[in-house]
Amino acid sequence: MVSLSSNLLFIAFVAYLIGTFLFGGAVRSSSSESTKSYARWGKMAIIVTIIGFVSNLGYFITRWIAAGHAPVSNLFEFTTAFGMMVVGAFILIYFIYKTPALGLFALPIAVLIIAYASMFPKEITPLIPALKSYWLTIHVITAALGESILAISAVAGFIWLLKNIDMTKKSKQRFWIEAVMYLLILVVGFVVAQTSFAIADYKAEYSYVSKDETEHTIEYNMPALFGMNQSVALTENAFEPLAEMPPLVNAKKLTTVTWAILFGTVIYLLLRLILRKRLAAVLQPLAKKANSQLMDEIGYRAVLIGFPVFTLGALIFAMIWAHEAWSRFWGWDPKEVWALITWLFYALFLHLRLSKGWQGEKSAWIALIGFIIIMFNLIAVNLIIAGLHSYA
Amino acid sequence: MAQSKKQRFYIRTFILVVLTIAIVFTVYSNLTKDKNAVLQVGDKAPDFVLVDMEGNEHKLSDYKGQGVFLNFWGTWCKPCAKEMPAMDNQFNVYKDQGVQTFAINIGESDLKVNSFANRYKLSFPIAIDRNKSVMESYNIDPLPTTFLINPEGKIEKIIKGEMTEQDIANFMEQIKPS
Amino acid sequence: MDKIVCTCGHVNPVGTELCESCGRPLNQETKDKKLVDMRYEGSARRSQTYNKTIIDKIWNFFSSVKVGMWIIVAILIAAAIGTILPQVFYVPAVNEEEIAAYYERIYGTFGTIYYELGLSDLYSSWWFQGLVGMLGISLVIASLDRVIPLYKSLKKQKTKRHISFLTRQRVYGTGEVDSPIKSIEQAEEKLKKMRYKVKRDGNAILAEKGRFSRWGPYVNHLGLILFLFGVMLRALPGFYVDETMWLREGETLYIPKTDGYFLESKEFIYETYTKEESEEVYGAALDRVGSIAKNYQSDVALYKGPEDAVAGQPEDLAFVKEESIQVNKPLKFDHFSVFQMDFRLDELKSMTFQLQDKETANSFGEFTIDLANPQTEYKLQNGYKVEILDYYADFTGFEEGVPQSKSPIPNNPAFLVKMYSPEYPKGETSFVMIKETLEPLGENKHKIAFQSVETRDVSGLTIRKDLTLPILALGGLIFMIGVAQGSYWNHRRIWIQLLENGQVVVAAHTNKNWLSVKKDLDEVSKVSNLPQYEDQQDIDSQEEKEEGV
């Protein structure tokens, strides 16, 4: 059952990749929405996407059965579920609005999310007492669902910006949209770095002194650019750290992040050299076919649909569960605070649209920033700002 | 026209004032909220019954009409140890002047409390609060904490921390029945 | 200030932009606009019209959505700052000095600055609470200011709107059709089938659907206000209790602030996952991580003291119930809940010793000291006896020859004993610690030899009473209703009129989801002959049309 589950996930992953190309074909094939070839591409693309999604659901269900609990209990599980729901949300929106441009950009994001998730420990872990509650299923799944719908608004905003920003003139917008591209490449860099060192089976052990002044050992899976406090290499010929970190800093995580940035930056520079254009400019023709007004509407609609779901899952169910488990429904721990920040931010989005009439470009940027905040909660809060609540 | 203007003014003022008071009150109480603020000076001292090391039962309400110097302590607490001899002296001075002294130990063993009392030759009544219920009703947090209970049974003062002999004398004087 | 009388005769309140009745633009600014702002139906937000007294000015300040948004931004940024370093609540230190020292030690200068500025206890600070309070005020005033005029406008709107209103709608079309009256009648039929409420006034119809969703935002604001109100109530005495207690196995303690309840711990259970249980599924995880907690629970018995009971004496305790407190399964009674939060395993409970001859290691008897209640003497074999002179539960060392203990918790028990034997009827003095014995009064013949120890676990429990919860829950529920009401439905209106010059005019408005209202119009156009409409805001489509694509 466990291996069946992994295989289904892999099939989904591949299907989404193929779907991306098919949606690309649909976008390219014509400018008006009524030629046969366009219809054919579009149909194939959505069918492949749905196959992938069904397979993804299959992974989810088989893993649930194998583990005995909803597969949303650690970072890998949660992030894969999130990627799956982004695809689900996309399919839903596709059937309302029928825009292949959305698929062309949403699917790769889902692929990236699943790839990122796969870099973390994948074993099925039994539930610790705090997670033994039906609220695990309810709270986490609803929150992930809400976030995935909100993610679609960011994708729509992203497409809007790619289409409408003038890449020939120097401007703040052009700079920032390229910065977003760079961020995406950094995630790719993280995946490539982890995978490369995993294939090379790199392992090195060090001993160090933690902040409570006791000695521990730690195993690095990448060459140790940064060493833990008073670290001493235990494995032979282990890489000597370039710099030693005070006990407060988790040097292993810092090393991982640095390698990700190194790999990502190299990939980015190579791409720039090969393609001779800004990455955003490379993607622009693909976005040109989209209808800006429609993207704006999708972006808004996605927030409208997703905001209540997010509130319900990430705040209300979360508070009910926190009360049952930890005796207080709100403790201002970092993950709770960042969920609140996300919520406030999307409330701000809605008010800006309604009150200040922020549509089009401004709305697109806000949607994009909102997604970055969600990702911050998923990545930084879980891994860096640790707390009672963090996954890793 | 003027009437609706006035009306508007009153309604708006009323709403704003209510909202402001509500918020100021909330923020203020949250800031001044002390864990031990549940019991305050002026409150009636919660009644209790404990048996002292000699086997005598003491009920607080039986002491109405006299002042009660109620001290909470533990053997490991250094300031408690420091002030005990002074407390003993003043106990002897004031016990016939209508001020009783009573020291409640926070749930230690008989052996420990007795050895402590013997070492410092303490003569005032000492009792052990085994299930911590008295400690709870008096919201004891740091040790030592002393409650001055006046002859009417109300809390006159709450002292947290060590007291000098002069302090103790003054406090006992304060709750002497008039 | 004067009310505005429209050409149609209707008297509008001060500051109205579009006539409440016929929709005509009432001032030049509105007339100059191509599309009209329909967010408040063109009604005046009351606060924008009166600005005389200081009360008005304060009111207008809080009524502004812009101000509200800045308050949201401020709360957002402040909350983020509070996550940079752990807040005091999560810091393992007890008093102010320890806390300050912790921040400096672990986080250096930045930590000290963070602490000094009060950022380490940000969410309880007066200014953060003040910000939230301001948000509450803004919610109340901004909602009141808008919902009342909006309600009045929507109630008063006439079916027949003036052409100047219709041309300024985003979806608008005009043209000549064959048999216009028949078209309008067919449209009316169709719209009714599509569940619109259709009103007819001569040759004008107004089809409306989903007005209730306009109230959504105000309902959800009400929910938020109620929620904040509930949070405020916590400050009142009696509404909120938050205590902790450490309960050892076998102990019975008074439950803080519960008015006469006692809790006895019968057993604390701690279990971890074993590979035997499920090698296939959990094996890899257990290999990687080591031990994973499976369950921990406190099996307790709840007692209630008699009604008129007074603190101090736990006599006549009535047994209430027995339960196992686990994470996610608190013990509930009265309005209280007791949660399994923490635990300490293997605290020393009792120690067993033998009185032995140092040279021969012969034992003259065994005795067990209950660390919670040591006896003063333990009589052994004939003539042998051990007297405990003093006991130091948490021994830390000697100060000027006097043994010190830093707490009553048996972390490092030490005993001052006197050993009585036939050879030493006056006793030998010994100071017994874990793993070491001191002989302060000269060498002894006998010694106290440690044999074994018994331990017990301690449960860390949190006691909670929160009477504000129902209010918070209600606020949350109302919020969800309001947000669903406002997000998942929309308010659509379609106007169709036959003008005197024979033209038929069609216009439509919705507060969100233009695609659907356009689809609706298309549906209606299938059965009745209506002029083609255009979306006056869709630049892309217009450009495409112009390019002839």
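It should be emphasised that the depicted structure is a prediction, and the values quoted were computed from it without experimental measurement. (Residues numbered from 1 in each chain as written. Chains lettered and ligands numbered in written order. Predicted model: local features only at pLDDT ≥ 70, side-chain atom pairs only at ≥ 80, totals over all residues.)

Along the backbone of chain B there are five helices and seven strands. Scanning chain B from its N terminus toward the C terminus, one meets helices and strands in the order α-β-β-β-α-β-α-β-α-β-β-α. In terms of overall size, chain B is more extended than a compact globule, its C-alpha atoms giving a radius of gyration of 23 Å where 178 residues would be expected to give roughly 16 Å. The principal-axis extents of the C-alpha atoms in chain B amount to approximately 85 × 35 × 30 Å. Here chain B holds 178 residues, and 36% of them are scored as buried. By sequence separation, contacts in chain B at least 24 residues apart represent 73% of the contacts at least 6 residues apart. (Helix = DSSP H or I, 4+ residues; strand = E, 2+ residues; numbered from the N terminus. Rg over C-alpha atoms; globule rule 2.2 N^0.38 Å. Buried ≥ 20, exposed ≤ 12 C-beta atoms within 10 Å, placed from the backbone. Contact = placed C-beta atoms within 7 Å.)

Before going further, it helps to spend a moment on the overall build of chain C. Each helix and strand counted, chain C has 13 helices and 24 strands in total. Whereas a compact globule of 549 residues would reach a radius of gyration of roughly 24 Å, chain C reaches 40 Å, over 25% beyond that. Within chain C, the proportion of its 549 residues that are buried is 34%. Pairs at least 24 residues apart make up 60% of the contacts formed inside chain C by residues separated by at least 6 positions.

All names here are of chain A. As a packed pair, helix H10 (residues 334-355) and helix H11 (residues 361-383) sit with axes 10 Å apart at the nearest point and diverge in direction by 175 degrees. As judged from the angle between their axes, H10 and H11 are roughly antiparallel. Contact residues: H10 offers Pro-334, Lys-335, Trp-338, Ala-339, Ile-341, Thr-342, Phe-345, Tyr-346, Phe-349, Leu-352 and Arg-353, while H11 offers Ser-363, Ile-366, Ala-367, Gly-370, Ile-373, Ile-374, Phe-376, Asn-377 and Val-381. (Axes fitted to C-alpha atoms, helices over the stretch in contact; angles between N-to-C directions. Parallel < 35°, antiparallel > 145°, perpendicular 65-115°, else oblique.)

Listed per partner, the contact involves 33 residues of chain B and 38 residues of chain C. Sorting the residues of the side of chain B that touches chain C by element identifies helix H1 (2-32), strand E1 (49-51), helix H3 (110-119) and helix H4 (133-137) of chain B as the ones contributing at least two each. When residues of the side of chain B that touches chain C are assigned to their parent elements, the largest contribution, 13 residues, is made by H1 of chain B. Its residues placed into classes, the side of chain B that touches chain C shows 14 nonpolar, ten polar and nine charged. (Nonpolar A, V, L, I, M, F, W, Y, C, P; charged D, E, K, R; others polar.)

The next thing to look at is the domain arrangement of chain B. Per the domain assignment, the segments of chain B are domain 1 (2-33) and domain 2 (41-174). Computed from C-alpha coordinates alone, the two centres of domain 1 of chain B and domain 2 of chain B are separated by 46 Å. (Domains from an automatic or database assignment.)

All names here are of chain C. The sheet built from four strands is open, its strands ordered E7-E8-E9-E10 with antiparallel pairing. Strands at the two margins of the open sheet, each flanked by one partner only, are strand E7 (252-254) and strand E10 (318-326). Along the sheet, successive strands turn relative to each other by an average axial angle of 25 degrees, direction set aside. As paired strands, E7 and strand E8 (residues 261-272) are joined by three bridges and run antiparallel to one another. Residue pairing across strands places Leu-253 opposite Leu-263, the latter belonging to E8. (Pairing = 2+ DSSP bridges.)

Core analysis: the largest hydrophobic core is formed by 141 residues, its most contacted members being Val-86, Leu-102, Val-155 and Ile-159 of chain A. Of the residues forming this core, the biggest block, 19 residues, is contributed by helix H9 (residues 292-326) of chain A. By size, the runner-up hydrophobic cluster in this structure holds 40 residues, among which are Phe-48, Leu-50, Ile-104 and Ala-127 of chain B. (Core = buried A, V, L, I, M, F, W, Y, C linked by C-beta atoms within 7 Å.)

All names here are of chain C. The six strands lie next to each other as E4-E5-E22-E23-E3-E24, forming an open sheet whose pairing is antiparallel. On the outer flanks of this sheet lie strand E4 (197-201) and strand E24 (534-535), each paired with one strand and no other. Note: E4 against strand E5 (residues 204-209), five bridges, orientation antiparallel. In the sheet register, Val-198 faces E5, and the bridge partner there is Ala-207. Along the sheet, helix H8 (residues 180-193) makes contact with E4, E5, strand E22 (492-498) and strand E23 (504-510), crossing E22 at roughly 160 degrees.

All names here are of chain C. Bridging between strand E12 (residues 336-357) and strand E13 (residues 363-370) involves six bridges; their strand directions are antiparallel. By the bridge assignment for E13, Met-351 is matched with Ile-369. Connecting E12 to the next strand, E13, in antiparallel fashion are five residues, including Ala-361 with a positive phi near 60 degrees.

To continue, consider the pairing of strand E6 (residues 145-149) of chain B. Residues and elements named next belong to chain B. Taking burial as the measure, the five residues of E6 include five buried ones, the bulk of the element. Across the two faces of E6 the burial is the same, with Thr-145, Phe-147 and Ile-149 and Thr-146 and Leu-148 all buried. Where strand E3 (residues 67-73) and E6 come together, five bridges link them in antiparallel fashion. Its bridge partner lying in E6, Leu-70 is registered against Phe-147. As defined by bridge partners, E6 adjoins strand E7 (residues 155-160) across five bridges and the pair is classed as antiparallel. When the sheet's bridge partners are listed, Ile-149 is paired in E7 with Ile-155. The hairpin turn running from E6 into E7, its antiparallel successor, is five residues long, and Gly-153 in that turn takes a positive phi close to 90 degrees.

It is worth spelling out the interface of chain C and chain A at this point. Opposite the 48 residues of chain C that make contact, chain A presents 47 residues. Going through the elements one at a time, helix H4 (65-81), helix H5 (96-116), helix H10 (279-289), strand E9 (293-304), E12, strand E21 (446-466), helix H11 (469-488) and helix H12 (514-527) of chain C are the ones with two or more residues in the side of chain C that touches chain A. Per-element tally for the side of chain C that touches chain A: the top contributor is H4 of chain C, with eight residues. Residue composition of the side of chain C that touches chain A, by class: 29 nonpolar, eleven polar and eight charged.

The residue after Leu-143 of chain B, namely Pro-144 of chain B, is reached through a cis peptide bond having omega -5 degrees. Although it is not a glycine, Ser-179 of chain C adopts a positive phi angle of roughly 35 degrees. Locating Ser-179 of chain C in the fold gives a position in the loop between strand E3 (171-175) and H8. Note on Ser-179 of chain C: 11 C-beta atoms within 10 Å, which makes it exposed. Non-glycine residue Asn-328 of chain C carries a positive phi angle of around 75 degrees. For Asn-328 of chain C, a count of 18 C-beta atoms within 10 Å gives the class partly exposed.

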